[in-house]
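So the chains spell out like this:
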Amino acid sequence: MSAKIINGKEISAKVRAQLAEEVRKLEEEQGTTPGLAVVIVGDDPASRVYVNNKKKDCAEVGIYSEEYALPAETTQEELIALIDKLNSKTDIDGILVQLPLPKHLDEKAVIERISPDKDVDAFHAQNVGKIMIGDYKFLPCTPAGVMELIRECGIDVCGKECVVIGRSNIVGKPMAMLLLHSNGTVTICHSRTKDLKEVCRRADILVVAIGRANFVTADMVKEGAVVIDVGMNRLEDGKLCGDVDFEAVKEVAGHITPVPGGVGPMTRLMLLKNTIAAAAR
Ligand code: GUN
């Protein structure tokens, strides 16, 4: 039997309407409009697309946004000075510095300079620590989007075998933490994992975030498993594809996310959710 396709676009439309309603309420009850500052340095084409999407997403739910597009040769001091200015700007609740930054800039120092109260990416060490102890202010956008998709599909994580492939600070590690907070039994796999196929086959919920096209094949998936594909790979012919061999795995899985149209739309919304949470405080 073929898997149920998790339609991220459809689910995100519903969540977007809820967020727009929250923005409206904030304005009515507290007289405040959430504000997001998006900082982009240089002219990376993919980053430009992401930033344009973020501005569009904000406008759709009524969040005020400002863009700061800096030239590639911006110095560390100039960028830090901008972060300081945004930290104290009262109409700005969230600050997002689009990554990657040009090589000469120190990404870590920039992230740590953002006020933890405005860190809507949840990349600041203080927010990462809060995620670890289950006391979150902001949730990292991709893992939070995955959890919303799982919840919206009526899947209960409690007691399930959860396997996360990938251990990045942005996706894999926080993803594992959120599944753990939902009482899943969590395993994190990576490039040095032995018997990856066998570990994956144990999973009731398999989240894949490694950035390798079609890496997860049908023989790695248990019958009826929930397969969440965080991958976003550009093939030579220009097409987008995930980390999961969708056509083959959908014949084995119980639920599966497509790429595009799965995790991506939910990830985008979680940034808005964090910005609204920052403004509501
Ligand atoms: N570049 C790619 N993904 C992201 C993200 O989630 N946040 C930021 N700031 N930059 C990114």
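Description of the structure in this document. (Residues numbered from 1 in each chain as written. Predicted model: local features only at pLDDT ≥ 70, side-chain atom pairs only at ≥ 80, totals over all residues. Heavy atoms only, no water.)

## What about the site of the ligand?
1) Next: Taken together, the residues surrounding the ligand are Leu-96, Val-97, Gln-98, Leu-99, Asp-121 and Phe-123.
2) Next: Contacts to the ligand include Leu-99, whose backbone N or O atom sits 2.8 Å from a nitrogen atom.
3) Next: At a separation of 2.6 Å, a nitrogen atom of the ligand approaches a polar side-chain atom of Asp-121.
4) Next: For the ligand, whose free accessible area comes to 280 Å², the fraction covered by protein is 73%.
5) Next: Residue classes in the shell around the ligand are distributed as four nonpolar, one polar and one charged. (Near = heavy atom within 4 Å. Polar contact = N/O pair within 3.5 Å; in protein donor to acceptor, adjacent residues only side chain to side chain. Areas by Shrake-Rupley, 256 points an atom, 1.4 Å probe, with all protein chains shown as cover. Nonpolar A, V, L, I, M, F, W, Y, C, P; charged D, E, K, R; others polar.)

## With respect to the nonpolar core
Among soluble globular proteins, nonpolar side chains are generally buried collectively.
1) Next: Core analysis: the biggest nonpolar cluster contains 50 residues, and Leu-179 and Val-207 have the highest contact counts within it.
2) Next: A total of nine residues in this core trace back to one element, the largest contributor, which is helix α10 (residues 263-280).
3) Next: The contacts of Val-207, once residues within four sequence positions are left out, are Val-146, Val-163, Val-164, Ile-165, Met-175, Leu-179, Ile-228 and Val-230.
4) Next: In this structure, Ala-203, Met-220, Val-221 and Val-249 belong to the second largest nonpolar core, which totals 20 residues. (Core = buried A, V, L, I, M, F, W, Y, C linked by side-chain atoms within 4.5 Å. Buried < 20%, exposed > 50% of the residue type's maximum accessible area, 1.4 Å probe, protein only. Helix = DSSP H or I, 4+ residues; strand = E, 2+ residues; numbered from the N terminus. Contact = heavy atoms within 4.5 Å.)

The quantities given are spatial measurements derived from coordinates; they are silent on function.
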